[in-house]
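Take a look at the letters that make up each chain.
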Amino acid sequence: MKIKCLIIDDEPLAVNVIKNYLQKIEDIELTDTFNNAIDALNFLKHHKVDVIFLDINMPVLDGLNFIKSLKEPPLIIITSAYTEYAIETYELDVLDYLVKPIEFPRFMNGLNKVYRRMDINQPASETSKSRPYLFIKIDKKKMKKVFLDEILVVESLKDYLKINTTNGRFLIHSTLSDFTNLLPSIDFIRIHRSYTISINKIDAVEGNSVEIDGIRYVIGRSYIDEVKDRILNSSI
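Cut-offs and rules
- Throughout, residues of each chain are indexed from 1 in the direction in which the sequence is written.
- Predicted model: local features are reported for residues with pLDDT of at least 70 only, side-chain atom pairs are reported and counted for 80 or more only, and whole-chain, interface and lining totals are derived from all residues.
- Only heavy atoms go into the side-chain values, all of them from the structure, while hydrogens and water stay out.
- Strands are runs of DSSP state E lasting at least two residues, helices are runs of H or I lasting at least four, and both sets are numbered from the N terminus onward.
- Any residue under 20% of the maximum accessible area for its type is buried, any over 50% is exposed, and the rest in between are partly exposed; the area is computed with a 1.4 Å probe on protein chains only.
- By definition here, a helix of n residues has an expected span of 1.5 Å times n minus one.
- Comment: arc refers to directions from the helix axis out to C-beta atoms.
- A strand pair is defined by DSSP finding two or more bridges across the two strands.
- For a crossover, the right-handed case is the one in which the path from the first strand over the helix to the second runs clockwise, viewed with the strands pointing away from the viewer.
- Basic side-chain nitrogens of Lys or Arg form a salt bridge, by our definition, when they fall within 4 Å of a carboxyl oxygen of Asp or Glu.
- Convention adopted: a line fitted to C-alpha atoms gives each axis, helices being fitted over their contacting stretch, and angles between N-to-C directions are expressed from 0 to 180 degrees.

Draft legend 1. Looking closely at unusual backbone geometry. The omega torsion of the bond from Lys100 to Pro101 falls at -5°, within 30 degrees of zero and hence cis. Mapped onto the elements of the fold, Pro101 is located in the loop between strand S5 (96-99) and helix H5 (104-120). For Asp213, which is not glycine, the phi dihedral falls at a positive 55°. With respect to the secondary-structure elements, Asp213 resides in the loop between strand S14 (209-212) and strand S15 (215-218). Judged by its relative accessible area of 53%, Asp213 is exposed.

Draft legend 2. Quick look at helix H1 (residues 12-23). In this model H1 runs 16 Å from its N-terminal to its C-terminal C-alpha over twelve residues, within 8% of the 16 Å that 1.5 Å per residue would give. Listed as buried for H1 are Ala14, Val15, Ile18, Tyr21 and Leu22. End-on, the buried residues of H1 take up no more than an arc of 130°, which puts them together on one face. Of the exposed residues in H1, those oriented more than 90 degrees away from the buried face are Pro12, Leu13 and Gln23.

Draft legend 3. Highlighting the pairing of strand S2 (residues 28-34). Looking at chain direction, strand S1 (residues 3-8) and S2 are connected through six bridges and run parallel. Across the sheet, residue Leu6 finds its bridge partner in S2, namely Asp32. Handedness of the crossover joining S1 and S2 through H1: right-handed.

Draft legend 4. Structural detail: the pattern of salt bridges. Considering all chains together, one arrives at eight salt bridges under this definition. Put simply, Lys68 and Glu88 hold a salt bridge, and the shortest N to O gap is 3.5 Å. Of this pair, Lys68 sits in helix H3 (residues 63-69) while Glu88 sits in helix H4 (residues 86-91), and the two are 20 residues apart along the sequence. Each of Asp9, Glu11, Asp55 and Lys100 takes part in salt bridges that share partners, so that together they form one network.

Draft legend 5. Spatial organisation of the pairing of S14. Pairing geometry for strand S13 (residues 204-206) and S14, over three bridges, is antiparallel. Paired with Val205 across the two strands is Val210, which belongs to S14. Hairpin geometry of S13 and S14 is characterised by an intervening segment of two residues between the two adjacent antiparallel strands and by a positive phi of about 55° at Gly207. Adjacent in sequence and paired antiparallel, S14 and S15 are bridged by two residues, among which Asp213 carries a positive phi angle near 55°.

Draft legend 6. Main features of the sheet that holds S14. Spatially, three strands are ordered S13-S14-S15 in an open sheet, and the strand pairing comes out antiparallel. If you trace the sheet from one side to the other, it starts and ends with S13 and S15, each paired once. Averaged over all pairs of adjacent strands, the angle between their axes in this sheet comes to 30°, without regard to strand direction.

Encoded structure:
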């Protein structure tokens, strides 16, 4: 089942950016685009969508009042050139706030929130079977689904990351900080400026290092206290 999306933005270039990003992802269906919120409201009276990518500064009806006018709003991701509306939009329970110009890694951050929220909103019988996952861009066109419980170590290689999983290794263009922020902190921890690891995949702890899948990873000095509290139980 594909996730149905709508884009509402009066800037054609901004619409094209989001459209191009969505075209890279197989399980997304762009239902329509609108350059004003009035036409979008009329459309939503007869059509249902899962996600709306919404600009704020638009003529006649702005994005904030558009959200307030919806009785049962779908998931909303704001796409705005301005940051000053962020607090108000979160009070309206928007899922994410993307600031233009929107880079693809940040866009995927927001879209991964959609995947997680839609899993949560499934019936209990389906939720129990679901496994948290992320989609990562592994080449110019292909998006790869990676289950979080398969990730062993994420390693920084300058402008790239090597994601080591139980099903292979993948190279993506991102920073370690951005990718780590996508991962649930209860299961993952950054132990070095170059490494984020899965706590559940640690096989052994020795001195100031951990061993995962037969490889030893050193814990950085600036991370040692947090690592002690989280996984070493203050024993090193």
